[in-house]
Amino acid sequence: DPITNQGWISLSTAGPAQTQSEIVAQGSRALKMNDLSSSSLNIYIHTVPFLNGNFQVDYYIRTEQYGQTVMLALQGDQGVVDGQLKGIRTELSDNVNRGFFAQNTPYFVYQLNKWYHIRLIVRTSLQSFDIYVDNMNTPLATNMKFLDSLFNRISMHTATGGTGSGYWDGITVKCLP
């Protein structure tokens, strides 16, 4: 089932993207992007109602191939200005150093073929967020900064370091008090 049937829009495609049931973190379906190019990005976005105030984003992410980046980002209308990301970016990256990155900060070396549960607690008025990975009781990092004031897109992509598959599952967004 192509993910465009689920409301995702292709910005750049280096391979097919579809829902699938073979490898899932929870439930019966996950999103899979096959990146067949080592020189082109594979990018899909989903527009959501404007998110401001406090909100939480949960998702699962996984990769099967070293030498590529598998990313989920929250973006506003500004996206990138003067070469600087305005939103929030999280990724399993092996373009330079293998690790889980939030913004541009590495936190740990990830494992292939393992689902990671990511939770972001976002406070737009403070332009900061906390990030949790697998352990939802202890944050991996707190008060990380971003520059946007609201978000209206979720972006998933694989980067150009190598070919392979990226997986996302259980993407949920909820407002917080």
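None of the values given here were measured: they were computed from a predicted structure. (Residues numbered from 1 in each chain as written. Predicted model: local features only at pLDDT ≥ 70, side-chain atom pairs only at ≥ 80, totals over all residues. Heavy atoms only, no water.)

## Quick notes on the overall build of the chain
And then number 1: For the chain, the helix and strand inventory stands at 0 helices and 16 strands.
And then number 2: On C-alpha atoms alone, the chain measures out to a radius of gyration of 15 Å, which is about the 16 Å that the 2.2 N^0.38 rule sets for 177 residues.
And then number 3: Split into buried and exposed, the 177 residues of the chain put 53% on the buried side.
And then number 4: A total of about 8,100 Å² of accessible surface is found on the chain, and carbon and sulfur atoms cover 49% of it.
And then number 5: Here the chain holds 12 positive side-chain charges and 13 negative ones, and the gap between their average locations is 4 Å. (Helix = DSSP H or I, 4+ residues; strand = E, 2+ residues; numbered from the N terminus. Rg over C-alpha atoms; globule rule 2.2 N^0.38 Å. Buried < 20%, exposed > 50% of the residue type's maximum accessible area, 1.4 Å probe, protein only. Areas by Shrake-Rupley, 256 points an atom, 1.4 Å probe, with all protein chains shown as cover. Lys, Arg positive; Asp, Glu negative; His and termini not counted. Charge placed at Lys NZ, Arg CZ, Asp CG, Glu CD.)

## A closer look at the sheet that holds strand S15 (residues 151–158)
And then number 1: A sheet is described by the order of its strands in space; here 7 strands give the open sequence S1-S4-S15-S6-S9-S10-S11, paired in antiparallel fashion. Strands at the two margins of the open sheet, each flanked by one partner only, are strand S1 (9–12) and strand S11 (105–108). Shown here is a sheet whose adjacent strand axes are inclined to one another by a mean of 20 degrees, direction ignored.
And then number 2: Examined bridge by bridge, S1 and strand S4 (residues 42–51) share 3 bridges and lie antiparallel to one another. Within S4, the residue paired with Ser10 across the bridge is Tyr44. (Pairing = 2+ DSSP bridges. Axes fitted to C-alpha atoms, helices over the stretch in contact; angles between N-to-C directions.)

## Considering the sheet that holds strand S12 (residues 116–123)
And then number 1: With respect to topology, 7 strands assemble into an open sheet ordered S2-S3-S16-S5-S12-S13-S14, the strand pairing being antiparallel. Of all strands in the sheet, those bounded by a partner on one side alone are strand S2 (17–20) and strand S14 (141–145). Adjacent strand axes in the sheet meet at a mean angle of 30 degrees when their direction is disregarded.
And then number 2: Strand direction decides the pairing type here: S12 and strand S13 (residues 128–133), joined by 6 bridges, are antiparallel. Residue Ile118 lies in a different strand from S13, and its bridge partner there is Val133.

## Description of the pairing of strand S5 (residues 54–63)
And then number 1: Of all 10 residues that make up S5, 9 are buried, and the element is covered over most of its length.
And then number 2: Where S5 and S12 come together, 8 bridges link them in antiparallel fashion. Looking at the pairing, Asp58 lines up with Arg119 of S12.
And then number 3: Direction of pairing for S5 relative to strand S16 (residues 164–176): antiparallel, over a ladder of 9 bridges. By the bridge assignment for S16, Gln56 is matched with Lys174.

## Looking at the pattern of salt bridges
And then number 1: The tally for this structure, following the rule as stated, stands at 6 salt bridges.
And then number 2: A salt bridge links Glu91 to Arg89; the nearest nitrogen and oxygen atoms lie 3.0 Å apart. Arg89 carries the same exposure label as Glu91, and that label is buried.
And then number 3: Across the pair Lys114 and Asp134 runs a salt bridge whose closest N-O atoms are separated by 3.1 Å. Of this pair, Lys114 sits in the loop between S11 and S12 while Asp134 is found in the loop between S13 and S14, placing the two residues 20 residues apart along the sequence. (Salt bridge = Lys/Arg side-chain N within 4 Å of Asp/Glu carboxyl O.)

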